Structure formats: structure tokens, C-alpha cells
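Architecture at a glance
Here are the chains, one letter per residue:
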Amino acid sequence: MIDHAALAGYCGRGCTLLIMRAVQCARFGGPEVLNLVDVSEPVTVDGQLLVNVSAAGVNFADTSRIAGSYRPVPELPFTPGTEVVGRATDGRRVLAPIFDGGGFAERAVVEVADAVAVPEGVGDAEALALLVQGLTAWHVLRSCARMRVGETVVVNAAAGGVGSLAVQLAKHFGAGRVIATASTDARRKLALSLGADVAVSSDPDCYAEQVLEANDGTPVDVVLESIGGRVFSAGLEILGNFGRLVTFGNASREGCPPIDPSALADRNTAVMGFWLRPALTVPGAYAEPLAEMFALTAAGVLKPMVHAAYPLEDARRAFEDLVARRTTGKVTLRP
């Protein structure tokens, strides 16, 4: 803990040194390495905004960052948190990613170019759910799969952050049939409540059979795949002529088998990978899709799933619940 008395007073040239609370990781490990400490407030430079954080998003990738297994490995000590929503000093309510971290704090610095205005009809947790998970769902459907009206779309892990939004967006974009796959009855019921036409098990032993049965015995047009391993292979099997599989995760940690290009040619199928960060550098691929999803959310058409927020001092518990899969929907920390 920083000594307030030592920090009180003035920095060079008479400027007051301001203190704030932040979650800090001083060593790599599990949730136990997270501590709430007092630190000096970050300072902006040209092209940056100081944001009073109202909520910060917690993602599975954050568990890898504090474990030291995410690339690039952050320099210790550091404050995790790569997405925030809050009020800029000019009064605007903004949402922004912070790729270098620093979001789990009372105030954070964001790039002006990355700050997107959030309408008042969209809640903090809803906005954060749309930043990474929402943009991923939008791009795997629009930019990668290039889904057409009337097509059959399979959404794996359909009750997860990306999957739950992909189900809703696919229906909104005009999919003829959305088939959700999930691991439990409860998750399959959730997918159905979000608009999926059918929900089946994601067990790789029966995956292909159940999905084809759900599609009246015919192959599908699009598979959104984030599980990897045997589910990835099964997803390739069920693609029809000119079908597309988009891979954007490996939740099973089984990896993905090698792909034989000649086998793809048998049915003119395609496999495409997706990673959000480079996609955000493409003109029109960031603020515009977010604005579209903000409008859909404000109108009640799109319903991002949100979990109860945790106070900043409960960051450890938030991480523990996330890892143990005790959460449903977007997990957030509130200063």
C-alpha cells in the first residue's frame, strides 16, 4: 500500500499529485495475486483522454494476463483491465479498449481515437459486452462468414459471451435457421430464449449427427466455431457446398487438426480465422458496428447478457467466479 503522507503535497513545478485506487498484479499467478492498492493517477499526453471509470470489463484473457501466459507479457507490477466505460473529463460518456491494460482503476487513460460515445439507453455492462464480444460476433458473421439472408447458421458455445450475441445478430441479419450448441440443458434453454431455432449438445461424440438432424438432415451454410479440437473437425463435416467455418477460439484447449485443402475443395468449403485486434484497424470496422449494436440494444432488439457487477475490491472473487464458470453474462468491476 502506498503511503498517502509520502505522496501528499506537490510534484515538480507545483502540480498536485493525485491518488486513486487500482487493482495491481505484482507477481504472476491466479486471482490471489490481485491486490487493491493506492497509486498515482495516470497522466495523459496529446491524443489521450482521462476517463473516470464507471465500470471495467473482465474477460477470460485477463486470467492469462495475470498468469503471465498472454503475449506480450506485461511488465510487473501492472494494473489489468483492457476495456472501460465512464465519463471523460469533458463530460462525454465513452467506451474504449485499453490494449496495454490499466482499466481496473478509478481512472484510466484511453486513446481519443478509440473512445466511442455511448448512448444513455445502453447500460455500462451492456456497452462493455458489445466492445469485445459484440464486435467479435458482428465480424464473424458479417466480415468473415458473410452470412446471407436465409442461410443456416450454427453457433457453438451459444450461451457464452460471443455466442449469445451471435445467436441474436444472426436472427436479426436474416438467418433462415440458427442452430445453437451448448454443453448443458440450462445453456441450451438460454440459447433458445435468445432466439435460436434449435439447441443441441456440443458433445463432439454426437455433434454432427444432432446438428444435421436439427437441419432436417441437410448440411449447413455457416459454423461459428470457438471450441476447437473434435468439435472443430465435426463442424467441418457438416458444411454444405460453399459452406464457411469461422474459427475464433479454442475453449477445449485441444487445438485444431491440420486441414487438407483438397478436402475443402470437395465441397467448396472454406475455413477462416478471426482475431479482433487487427480487425479494428480496418476502416469502418470499429465505431460503425458498435453504433449499430448500441442502437439495437437501446431499442431492445439486442440483449447483451450481463452478470451482477463486483466492486473493485472484490476483483479476486470476480476472477474466481469467472474461472469456475459461476457467472452468466458480462462480468464487470465497479470502482
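Look above for the structure.
A short tour of the structure in this document, coming up. Since this is a predicted model, take the numbers as computed values, not measurements.

Looking at the nonpolar core
In this structure, Leu 95, Leu 141, Leu 169, Leu 224, Leu 290 and Phe 294 are the most contacted members of the largest nonpolar core, which totals 49 residues. Here the element with the most residues in this core is helix H3 (residues 124–144); it accounts for 10 residues. Those residues within four positions of Leu 141 in sequence are excluded, and the remaining contacts are Arg 146, Met 147, Val 153, Ala 166, Leu 169, Ala 170, Phe 173 and Leu 224. Grouped together as the second largest cluster of nonpolar side chains are 28 residues, Ile 66, Val 84, Ala 96 and Phe 104 included.

A look at the sheet that holds strand E10 (residues 198–201)
The strand order E10-E9-E8-E11-E12-E13 describes an open sheet built from 6 strands, whose pairing is parallel. Looking at which strands have only one partner, the edges of the open sheet turn out to be E10 and strand E13 (270–273). Sheet twist, expressed as the mean angle between neighbouring strand axes with direction ignored, is 20°. Pairing geometry for strand E11 (residues 220–225) and strand E12 (residues 239–247), over 5 bridges, is parallel.

Considering a nonpolar patch on the surface
On the surface, Phe 28, Val 73 and Leu 76 cluster together into a nonpolar patch covering about 210 Å² of accessible area. Summarising the element assignment, Phe 28 is placed in the loop between strand E1 (19–25) and strand E2 (34–40). Look at Phe 28 and you get partly exposed, because its relative accessible area is 32%.

What about unusual backbone geometry?
Look at the link from Arg 71 to Pro 72: it is a cis peptide, with omega at -5°. The residue Pro 72 is located in the loop between helix H2 (60–67) and strand E4 (83–88) in this model. Omega for the bond connecting Leu 76 with Pro 77 falls within 30 degrees of zero, at -15°, which places this linkage in the cis form. Locating Pro 77 in the fold gives a position in the loop between H2 and E4. In this model, Arg 146 sits at a positive phi of 50°, which is unusual for a non-glycine residue.

So, the packing of H3 against helix H10 (residues 287–298)
One can describe the packing of H3 onto H10 by two numbers: an axis separation of 10 Å at closest approach and a directional angle of 120°. In terms of their interaxial angle, H3 and H10 are classed as oblique. Two packed elements cross with a definite hand, and for H3 against H10 that hand is right-handed. Touching Glu 126, Ala 127, Leu 130, Leu 131, Gly 134, Leu 135, Trp 138 and His 139 of H3 are Pro 289, Leu 290, Glu 292, Met 293, Phe 294 and Thr 297, all from H10. Here the contact of H3 with H10 is composed, by residue class, of 9 nonpolar, 3 polar and 2 charged.

A short note on the environment of Leu 245
Turning to its location among the elements, Leu 245 is positioned in strand E12. Here the alpha-carbon distance between Leu 245 and Ile 98, two residues 147 residues apart in the chain, equals 30 Å. When residues no more than four places from it in sequence are discounted, the contact partners of Leu 245 are Val 223, Glu 225, Phe 232, Gly 235, Leu 236, Leu 239, Ala 270, Val 271 and Met 272.

Rules used in this analysis
- Residues numbered from 1 in each chain as written.
- Predicted model: local features only at pLDDT ≥ 70, side-chain atom pairs only at ≥ 80, totals over all residues.
- Heavy atoms only, no water.
- Core = buried A, V, L, I, M, F, W, Y, C linked by side-chain atoms within 4.5 Å.
- Buried < 20%, exposed > 50% of the residue type's maximum accessible area, 1.4 Å probe, protein only.
- Helix = DSSP H or I, 4+ residues; strand = E, 2+ residues; numbered from the N terminus.
- Contact = heavy atoms within 4.5 Å.
- Pairing = 2+ DSSP bridges.
- Axes fitted to C-alpha atoms, helices over the stretch in contact; angles between N-to-C directions.
- Patch = residues over 30% accessible without salt bridge, like charges linked within 9 Å, V, L, I, M, F, W, Y side chains within 5 Å.
- Areas by Shrake-Rupley, 256 points an atom, 1.4 Å probe, with all protein chains shown as cover.
- Salt bridge = Lys/Arg side-chain N within 4 Å of Asp/Glu carboxyl O.
- Parallel < 35°, antiparallel > 145°, perpendicular 65-115°, else oblique.
- Left-handed = near helix turned anticlockwise from the far one by under 90°.
- Nonpolar A, V, L, I, M, F, W, Y, C, P; charged D, E, K, R; others polar.

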